[in-house]
Amino acid sequence: MSAAIFNLNHPSNTVHWHFFSMSVSNVIVIVLMVIVFAFAILAPFPGRSRKEPTE
Amino acid sequence: MSGTAKRPWTGAVRERAVGALPPEKLLPDSQPAYMASWIYIFGVLSLASLVLLIASGMILSLQGPDWWHSSGIGHFFNSIHLWSVELFFFFMIVHLWGKYWMAAWRGGRARVWITGTVTFLVAIPCALTGYVSQQNFDSQWISTQAKDALNAAGIGSFWNLMNFGQMYTYHVLLLPLAVVGLVAAHVLLVRKHGIVPPFQISDEPPATPAPRPATAEPMP
């Protein structure tokens, strides 16, 4: 069995801030989702500019 | 006795199905121009992840839940299964955010929104039963912890997290069946009602979405 890229043989790291408590891996995934969401809203779609609706 | 011949139910079902979803709506060859945005791709990305998820799960089920502990091939398909469910939830949540801020229930699309939301809710226990099917110490720990939660909620006598057979059946049959059925209904409803148009920025009244507008773009 191949080893993991990261050393996983320890308890997970946790982000604590007042009442907020979440594992670092979950925080990373949520931040990634927010970045992807912002990209999907703001980034121009290929070919969109030359096919704007004329109505 | 009436003289009229009794009509077969199959004909009535066919007429109703074709009336609700004519072929040009079921398999359209064009979409409104406003679909040319990245935010509209996360639904199909969720679908692609679900296909990969189901396929890898079916391969894993051929050899049983402990196959991946002793076989490199089993470990490979287990990893495919894990990462496809990670992507499924990732894309589904971004899809949900996009549709929420678009108010995708507008224009008679309440059932589209409801089926999508219920799919998300059903997918959560579908994934959690996978965690308790791993056949390792992790799954033992999760099942004993979750057992206490269900007992505290008063439903532990029916859903017993320590009953591996029950959890495994839920994971590989009942809940995936529900997810796939809900996704199929969701996609058919999207085909029926069309994708939700964006909000109008100007003061002009919003245009009624047509199934094949003049500015439609051909589908790739």
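Calculation criteria
Residues numbered from 1 in each chain as written. Chains lettered and ligands numbered in written order. Predicted model: local features only at pLDDT ≥ 70, side-chain atom pairs only at ≥ 80, totals over all residues. Helix = DSSP H or I, 4+ residues; strand = E, 2+ residues; numbered from the N terminus. Buried ≥ 20, exposed ≤ 12 C-beta atoms within 10 Å, placed from the backbone. Contact = placed C-beta atoms within 7 Å. Domains from an automatic or database assignment. Nonpolar A, V, L, I, M, F, W, Y, C, P; charged D, E, K, R; others polar. Axes fitted to C-alpha atoms, helices over the stretch in contact; angles between N-to-C directions. Parallel < 35°, antiparallel > 145°, perpendicular 65-115°, else oblique. Left-handed = near helix turned anticlockwise from the far one by under 90°. pLDDT = per-residue confidence, 0-100. Core = buried A, V, L, I, M, F, W, Y, C linked by C-beta atoms within 7 Å. Pairing = 2+ DSSP bridges. Expected span 1.5 Å × (residues − 1).

## Points about the overall build of chain B
Each helix and strand in chain B was counted, giving eight helices and two strands. Per-residue burial for chain B yields a buried fraction of 22% across its 220 residues. Contacts in chain B between residues at least 24 apart in sequence constitute 75% of all its contacts with a sequence separation of at least 6.

## Here's the deal with the overall build of chain A
Summing up its helical and strand segments, chain A has one helix and two strands in all. In sequence order, the secondary structure elements of chain A are arranged as β-β-α. Looking at chain A as a whole, 0% of its 55 residues are labelled buried.

## Some points on the domain arrangement of chain B
All names here are of chain B. For chain B, the assigned domains read domain 1 (36-87) and domain 2 (103-194). Its C-alpha centre places domain 1 at a distance of 16 Å from the equivalent point of domain 2. With eight residues of domain 1 at the interface, the matching set in domain 2 holds seven residues. A total of four residues in the side of domain 1 that touches domain 2 trace back to one element, the largest contributor, which is helix H3 (residues 42-63). For the side of domain 1 that touches domain 2, the residue count by class is four nonpolar, three polar and one charged.

## Quick word on the packing of helix H6 (residues 110-131) of chain B against helix H8 (residues 164-193) of chain B
Residue and element names in this part refer to chain B. Interaxial distance between H6 and H8 falls to 9 Å at its minimum, and their mutual angle equals 160 degrees. The angle between H6 and H8 places the two elements in the roughly antiparallel class. Note on packing geometry: the crossing formed by H6 with H8 is left-handed. Residues belonging to the contact of H6 with H8 are distributed by class as follows: 17 nonpolar, eight polar and one charged.

## A word on the confidence of the model for chain B
Here chain B averages 90 in pLDDT, while 90% of its residues score no lower than 70. For this predicted complex, the interface score ipTM comes out at 0.78, alongside a pTM of 0.84.

## A closer look at the environment of Phe77(B)
Residue and element names in this part refer to chain B. By secondary structure assignment, the location of Phe-77 is in helix H5 (residues 72-101). The class of Phe-77 is buried, set by 20 C-beta atoms lying within 10 Å. In sequence terms Phe-77 and Ser-56 are 21 residues apart; their C-alpha atoms lie 5.9 Å from each other. When residues no more than four places from it in sequence are discounted, the contact partners of Phe-77 are Ser-56, Ile-59 and Leu-60.

## Comments concerning the nonpolar core
Residues and elements named next belong to chain B. Phe-88, Phe-91 and Val-179 are the most contacted members of the largest nonpolar core, which totals 20 residues. Counting residues per element, the ones that place at least two in this core are H3, H5, H6 and H8. By residue number, the principal contributor to this core is H8, which donates six residues. Domain assignment of the residues forming this core places at least three in each of domain 1 (36-87) and domain 2 (103-194). Non-local contacts of Phe-88, meaning those with residues more than four positions away in its chain, are made with Ser-46, Ser-49, Leu-50 and Leu-53.

## Looking at the pairing of strand E1 (residues 14-17) of chain A
All names here are of chain A. Note that E1 and strand E2 (residues 20-23) share four bridges and pair antiparallel. Note that in E2 the partner of Thr-14 across the bridge is Ser-23. Between E1 and E2, which follow one another and run antiparallel, lie two residues, and His-18 among them has a positive phi close to 55 degrees.

## Details of the packing of helix H1 (residues 24-42) of chain A against H5(B)
Contact geometry of H1(A) with H5(B) gives a least axis separation of 10 Å together with a crossing angle of 50 degrees. Between H1(A) and H5(B), the angle falls in the class oblique. For the pair H1(A) and H5(B), the crossing hand works out as right-handed. Counting all contacts with H1(A), which are made through Val29(A), Met33(A), Val36(A), Phe37(A) and Ala40(A), the residues of H5(B) involved are Phe90(B), Ile93(B), Val94(B), Trp97(B) and Gly98(B). Of the residues assigned to the contact of H1(A) with H5(B), the class counts are nine nonpolar, one polar and no charged.

## Digging into helix H7 (residues 137-152) of chain B
The first and last C-alpha atoms of H7(B) sit 23 Å apart over 16 residues, in line with the 22 Å expected at 1.5 Å per residue. For H7(B), a buried count of one out of 16 residues is recorded, marking the element as mostly open to its surroundings.

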